[in-house]
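# Descriptive analysis of the structure
Chain residues, written in single-letter form:
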Protein chains: 6
Amino acid sequence: MAGYSHFDDFGRPLMVDVSGKKHTRRKAAAECFVKLPEKVCDALKNRGVSKGDPMRVAELSGIMGAKKTSDLIPLCHSVSLDSVRVVCEFREHERTLRIECEASADDATGVEMEALTGVSVAALAFYDMCKALDKGMVITGVRLLEKSGGRSGVWRVLKSDLGTDVEHDRGDRM
Amino acid sequence: MAGYSHFDDFGRPLMVDVSGKKHTRRKAAAECFVKLPEKVCDALKNRGVSKGDPMRVAELSGIMGAKKTSDLIPLCHSVSLDSVRVVCEFREHERTLRIECEASADDATGVEMEALTGVSVAALAFYDMCKALDKGMVITGVRLLEKSGGRSGVWRVLKSDLGTDVEHDRGDRM
Amino acid sequence: MAGYSHFDDFGRPLMVDVSGKKHTRRKAAAECFVKLPEKVCDALKNRGVSKGDPMRVAELSGIMGAKKTSDLIPLCHSVSLDSVRVVCEFREHERTLRIECEASADDATGVEMEALTGVSVAALAFYDMCKALDKGMVITGVRLLEKSGGRSGVWRVLKSDLGTDVEHDRGDRM
Amino acid sequence: MAGYSHFDDFGRPLMVDVSGKKHTRRKAAAECFVKLPEKVCDALKNRGVSKGDPMRVAELSGIMGAKKTSDLIPLCHSVSLDSVRVVCEFREHERTLRIECEASADDATGVEMEALTGVSVAALAFYDMCKALDKGMVITGVRLLEKSGGRSGVWRVLKSDLGTDVEHDRGDRM
Amino acid sequence: MAGYSHFDDFGRPLMVDVSGKKHTRRKAAAECFVKLPEKVCDALKNRGVSKGDPMRVAELSGIMGAKKTSDLIPLCHSVSLDSVRVVCEFREHERTLRIECEASADDATGVEMEALTGVSVAALAFYDMCKALDKGMVITGVRLLEKSGGRSGVWRVLKSDLGTDVEHDRGDRM
Amino acid sequence: MAGYSHFDDFGRPLMVDVSGKKHTRRKAAAECFVKLPEKVCDALKNRGVSKGDPMRVAELSGIMGAKKTSDLIPLCHSVSLDSVRVVCEFREHERTLRIECEASADDATGVEMEALTGVSVAALAFYDMCKALDKGMVITGVRLLEKSGGRSGVWRVLKSDLGTDVEHDRGDRM
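Residues numbered from 1 in each chain as written. Chains lettered and ligands numbered in written order. Predicted model: local features only at pLDDT ≥ 70, side-chain atom pairs only at ≥ 80, totals over all residues. Heavy atoms only, no water.

### Some remarks on the interface of chain A and chain B
For clarity, the threshold we go by: Every residue pair with non-hydrogen atoms within 4.5 Å of one another is taken to be in contact. Buried area: the sum, over both parts, of the accessible surface (1.4 Å probe) that disappears when the two are put together. When a carboxyl oxygen of Asp or Glu is within 4 Å of a side-chain nitrogen of Lys or Arg, the pair counts as a salt bridge. What qualifies as a polar contact is a pair of N or O atoms within 3.5 Å, subject to a donor-acceptor requirement within protein and to the restriction that residues adjacent in sequence count only when both atoms come from side chains. Where helices and strands are cited, they refer to DSSP runs of H or I of at least four residues and of E of at least two residues respectively, numbered from the N terminus. Paired strands are those between which DSSP finds at least two bridges.
The interface is formed by 56 residues belonging to chain A together with 56 residues belonging to chain B. Between chain A and chain B, roughly 4,900 Å² of surface is buried when both sides are summed, and carbon and sulfur atoms account for 69% of that area. Per-residue buried area on chain A facing chain B is highest for Tyr4, Leu124 and Lys135 of chain A; these three make up 15% of the total on that side. Run the count over chain A and chain B and you get two salt bridges. A salt bridge links Asp71 of chain A to Lys68 of chain B, with the nearest nitrogen and oxygen atoms 3.6 Å apart. Where chain A packs against chain B, one counts six residue pairs in polar contact (both at pLDDT 80 or more). Put simply, the parts of the chain that give the side of chain A that touches chain B at least two residues each are α1 (38-46), α2 (54-67), α3 (69-72), α4 (112-130) and β4 (138-148) of chain A. Ranked by the residues each element gives to the side of chain A that touches chain B, the list is headed by α4 of chain A, at 12 residues. Pairing of β4 of chain A with strand β4 (residues 138-148) of chain B, which is carried by two bridges, proceeds in the antiparallel orientation.

### Brief notes about helix α2 (residues 54-67) of chain F
Residue and element names in this part refer to chain F. Heads up, the rule is: To estimate the expected span of a helix, subtract one from its residue number and multiply by 1.5 Å. The classification of residues rests on relative accessible area computed with a 1.4 Å probe and restricted to protein chains. Under 20% of the type maximum is buried, over 50% is exposed, and intermediate values are partly exposed.
Taking 1.5 Å as the rise per residue, α2 with 14 residues should run 20 Å; its terminal C-alpha atoms sit 20 Å apart, in good agreement. Judged by how many residues are buried, α2 sits mostly within the fold: 12 of 14 residues are covered. Residues of α2 that are buried include every one of Pro54, Met55, Val57, Ala58, Glu59, Leu60, Ser61, Gly62, Ile63, Met64, Gly65 and Ala66, and no others. Between the side-chain oxygen of the N-cap and the backbone nitrogen of Met55 there are 2.9 Å, and the N-cap of α2 in question is Asp53.

### Section: unusual backbone geometry
In this structure, Arg95 of chain A is a non-glycine residue whose phi angle is positive, near 50°. Positionally, Arg95 of chain A belongs in the loop between β2 (83-91) and β3 (96-107).

### A short note on the packing of helix α2 (residues 54-67) of chain B against helix α4 (residues 112-130) of chain B
Residues and elements named next belong to chain B. Formally: In this description, a line fitted to the C-alpha atoms serves as the axis of each element, helices being fitted only across the stretch in contact, and the angle between N-to-C directions of two axes falls anywhere from 0 to 180 degrees. Each crossing gets its handedness from the near helix: less than a right angle anticlockwise from the far helix is left-handed, clockwise is right-handed.
Running from amino to carboxyl end, α2 crosses α4 at an angle of 145°, the nearest separation of the two axes being 7 Å. Pair α2 / α4 crosses with right-handed handedness. Packed against α2, whose contacting residues are Pro54, Met55, Val57, Ala58, Ser61, Gly62, Gly65 and Ala66, the element α4 presents Glu114, Thr117, Gly118, Val121, Ala122, Ala125, Phe126, Met129 and Cys130 at the interface.

### Some words on the interface of chain A and chain D
By convention, interface size is frequently given as the accessible area that disappears when the constituent parts associate. As a reminder of what qualifies: For this classification, Asp, Glu, Lys and Arg are treated as charged, while Ala, Val, Leu, Ile, Met, Phe, Trp, Tyr, Cys and Pro are nonpolar and the rest, including Gly, are polar.
Contacts between the two partners involve 18 residues from chain A, matched on the other side by 19 residues from chain D. Buried area between chain A and chain D, both sides added, is near 1,400 Å², and the carbon and sulfur share of it is 52%. Interface area lost by chain A to chain D is led by Lys67, Asp82 and Arg85 of chain A, which between them contribute 33%. As a salt-bridge pair, Arg12 of chain D and Glu59 of chain A come within 3.5 Å of each other at their nearest N and O atoms. Across the contact surface, chain A and chain D share 11 residue pairs in polar contact (both at pLDDT 80 or more). Of all the secondary structure elements, the ones that give two or more residues to the side of chain A that touches chain D are α2 and β2 of chain A. Grouping the amino acids of the side of chain A that touches chain D by side-chain chemistry returns eight nonpolar, three polar and seven charged.

### Topic: helix α4 (residues 112-130) of chain C
Between its terminal C-alpha atoms α4 of chain C stretches 28 Å, which fits the 27 Å expected from 19 residues at 1.5 Å a residue. Burial within α4 of chain C is extensive, with 19 of its 19 residues counted as buried.

### A closer look at the packing of aromatic side chains
The line we're drawing: Note on aromatic contacts: the rings of Phe and Tyr and the six-membered ring of Trp form a pair at centre separations within 6.5 Å, being stacked when their planes are under 30 degrees apart, edge-to-face when over 60 apart, and tilted otherwise.
A complete count under the given rule lists six aromatic pairs over all chains for this structure. Ring geometry for Tyr4 of chain C and Phe7 of chain C: centres 5.7 Å apart, planes at 75°, overall edge-to-face.

### Observations concerning the pattern of salt bridges
Scanning the entire structure with this criterion turns up 108 salt bridges over all chains. Note that Arg98 of chain B and Glu31 of chain B form a salt bridge whose closest N and O atoms lie 2.9 Å from each other. In this pair, Arg98 of chain B is assigned in strand β3 (residues 96-107) and Glu31 of chain B in strand β1 (residues 24-35), connecting sequence segments 67 residues apart. We note that Arg98 of chain B, like Glu31 of chain B, is buried. Put simply, Asp53 of chain B and Arg56 of chain B hold a salt bridge, and the shortest N to O gap is 3.3 Å. Residue classification places Asp53 of chain B among the buried residues on the basis of a relative accessible area of 10%. In the salt-bridge network here, residues are joined through shared partners; they are Asp8 and Arg12 of chain A together with Asp53, Arg56, Glu59 and Arg85 of chain F.

### Observations regarding the relation of the copies chain A and chain B
Heads up, the rule is: Only residues with pLDDT of at least 70 in both copies contribute their C-alpha atoms to the least-squares superposition of the copies.
If you rotate chain A by 180° and push it 0.0 Å along the axis, it lands on chain B with an RMSD of 0.0 Å. In symmetry terms, the pair is related by a two-fold rotation axis. When C-alpha positions in chain A are compared against the rotation axis, the closest is assigned to Thr140 of chain A, at 2.1 Å. Taken as a fraction of all interface residues of chain A, those also at the interface in chain B reach 100%, which identifies the copy contact as same-surface.

### Observations regarding the relation of the copies chain A and chain D
Placing chain A over chain D gives an RMSD of 0.0 Å and needs a rotation angle of 120°, together with 0.0 Å of translation along the axis. What the superposition gives is, in effect, a three-fold axis relating one chain to the other. The C-alpha atom lying nearest the rotation axis in chain A is that of Ser80 of chain A; the distance is 4.8 Å.

### Remarks on the nonpolar core
Note the following rule: What we call a nonpolar core is a set of buried Ala, Val, Leu, Ile, Met, Phe, Trp, Tyr and Cys residues that are connected through their side-chain atoms within 4.5 Å.
Ranked by size, the top nonpolar core spans 308 residues in total, and within it Phe126 of chain A, Phe126 of chain B, Phe126 of chain C, Phe126 of chain D, Phe126 of chain E together with Phe126 of chain F carry the most contacts. When residues no more than four places from it in sequence are discounted, the contact partners of Phe126 of chain A are Val34, Leu36, Val40, Leu44, Pro54, Met55, Ala58, Leu97 and Met137 of chain A.

### Things to note about the pairing of strand β3 (residues 83-91) of chain F
Bridge analysis of β3 of chain F against strand β4 (residues 96-107) of chain F gives nine bridges, and the strand direction is antiparallel. Paired with Ser83 of chain F across the two strands is Ser104 of chain F, which belongs to β4 of chain F.

So, in structure tokens, the structure goes:
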């Protein structure tokens, strides 16, 4: 049976040795959703961006969060990211904010955690910006969409895994 | 209509001025869930803690994450936390990990963001520890359970808000 | 002759002992200017904020920078800020961006360094956002405008100190 | 018209993708000046370095500040610097401290922001060391002197750009 | 038997709840020693401080390290230090560098870890400055000397605990 | 006589320029010891790991500490570590905890400071976990065991350097 990669045989935590791995182009994309109470929806609908847009603050926070990944996740390698992009999309009819983060690096280790951290921090920052309106927001569906590069190659979330609330079409952006 | 608290009238971001607020005992609790694929469930079931327990690493990461909240969330005040506690609970029959974080401080501002950041970072660290087994884990239901202290007093998540996947009984711990 | 407060008699650096000082309301305001080459001025004039506004990113960066002051300045105390506010103002006719930062805290030590760090980091972030247009921007006039609170009371920059490029009227905002 | 490189077409902030860029030797130099009130000048003149030298603390702070650039500037890539050097020079007759920072890296992105952050943090640390003597110091002329490496090649500040207070001869150090 | 304070009954790590504790004046002092090979001793003897003094860099590093304690030690509370002082003393005849750190705060929790982190980081920075001369330096005797404040009151290291290499007289400085 | 590598001829601190150095595989190992008072020994003996194991927390802290080295040591380069491993070993008969850290990277600069920082932070975290039992623990024998890679090649601590309290056999693990 495959065991944990981050513990040795004595249960000690370890940072996986990547010294034997080749530097290749690594990419990862992750997404999450914020379920929006009515007041938050109204605020997003009614105020123009000139009055301040919490989605832009969330995107910037997500980018900075992705850069801090190895500081937050104890056994993550420090990765020098080539690009990070966080996109917030207000889905008015679903009363939902969708957040996606794409990250890439030329490295010996993948950037899945960077993409997941990017969407998580973006969602938390969005929550903070809007919590005076309603504290009932829920962050949901934080998951990896796909990753490529490295020995294990391409991984994509399976259509059949998708619950009804995360149905979406990412097209061929990556 | 109430507007955003973190923007001024010209759309500029601002850290809310708490100089007029009293220091009172602030508490907050948040939770989240990680949906576990079969391989991750099996690993949690079959290996004893002596071989390394990803839940313990996640809890420690969540505590450290809560302490970094003001570094991650741009407009959060720096709060000196009196206590942080992160609890991971493996719900084998639901194939789910439940994570709860309770934080408290004697401060002029609440600790909701600290509790939410605590569960989020714990979940991300857990994902990292187990992603070699299966990358299909999904973090869901990240939300505030309750908060107390400050002018706005006690806030509790409503029973009626709860979807079927987050049904639970917290008892009277707080 | 008054000596340095941050060295002892043997030339050793020290963090000034504030244990005898009372916690009082401390405020400080600082400003700086960025001289803008033509291309940067044109970009600020011609693009609407919906296309992304480097001033908003600069303001957010300045707030975060102010929170990191004690991490950047070796002998600064860690201060829990009650408020931080950074305002960027495009002065088209002077081809200048003016940045002001106001910070406050209830503490035993002043927040001058927080205000100065706030404007400096905001200016650097603005430079970064616009450097693809022209690298010839110059950050100038970084200085304290006023501070209040503590034993030394109120300090204000003197009118007679002002060079022609920093002439301005702050009114009575503080 | 050239637009901002750090926003996409929808005004979202982004970290520029450098995955297509070659790793080459990047260098940058920046400078700034601190205008010194009489008391600060006197302190620099009269006290020997054995009693503590704020210029040495400023230089060390500037080096550390340059290493923190990607943490301070939201859309900066994390760069592994090959060298950083900060030099403080007391120009007694001009009542001025000149600070220069040179940084280099073998990377896909330039190190201009690292050099500018280096001089800015050095100046702020110097201010902090001397502010008990006089808070009227002004940091001025923060700018890029030159950069080399990368697709855009060499950039040098133009002689004609220089105001009288920043006239200087850097020789051929770079 | 007294158990660990940082684990609950299920082995989960926790940050001790200090919400019931009074804010009182807390002090702590720690020390350590660096055993110096001949080349390092010679360098300390022969070069004047005008040529750069690794002891001053170590002291500054130790102060900054003490401020980062809660970032380094997972279950430490974030403490706002009132003062930190690090003193390096070259004991030529013993071929030893002695480092002492005193820290104080008005807080609900002690500052022992801050003092211990201060001497440890100072020693590591000193090692780094001198390792090109000889990598054989050994850091030894890192320990708490005394602490005061809080419910447990004053604690002092016992004379009888002292080995011959740590014999010293601290006088009544604290 | 060889001088300090981290100061220039005028006593200014500098980060050594590694731009001329080749990237090669760098390794380093360091160790330290914590002398354990009786109560701490008893706790380690009598409580099973299911009740929480301070050694596991120390190991995790050491790994995270090693990643923060360039943030703690002012003139250290930022190194992207390929692996870090911290091992705590309870030597009951010697009433001692031995900690060893091995780090590796493919870089132009060595990782000695990372290994030394790893053991130091692990020891401090262990102290913190056990200090409620007895504050009399002493961290001792912090030193480099060996390093390899780079122009200066392999360095190993000499047998003859070893004092009686640090006698040990590392075998051929590296």
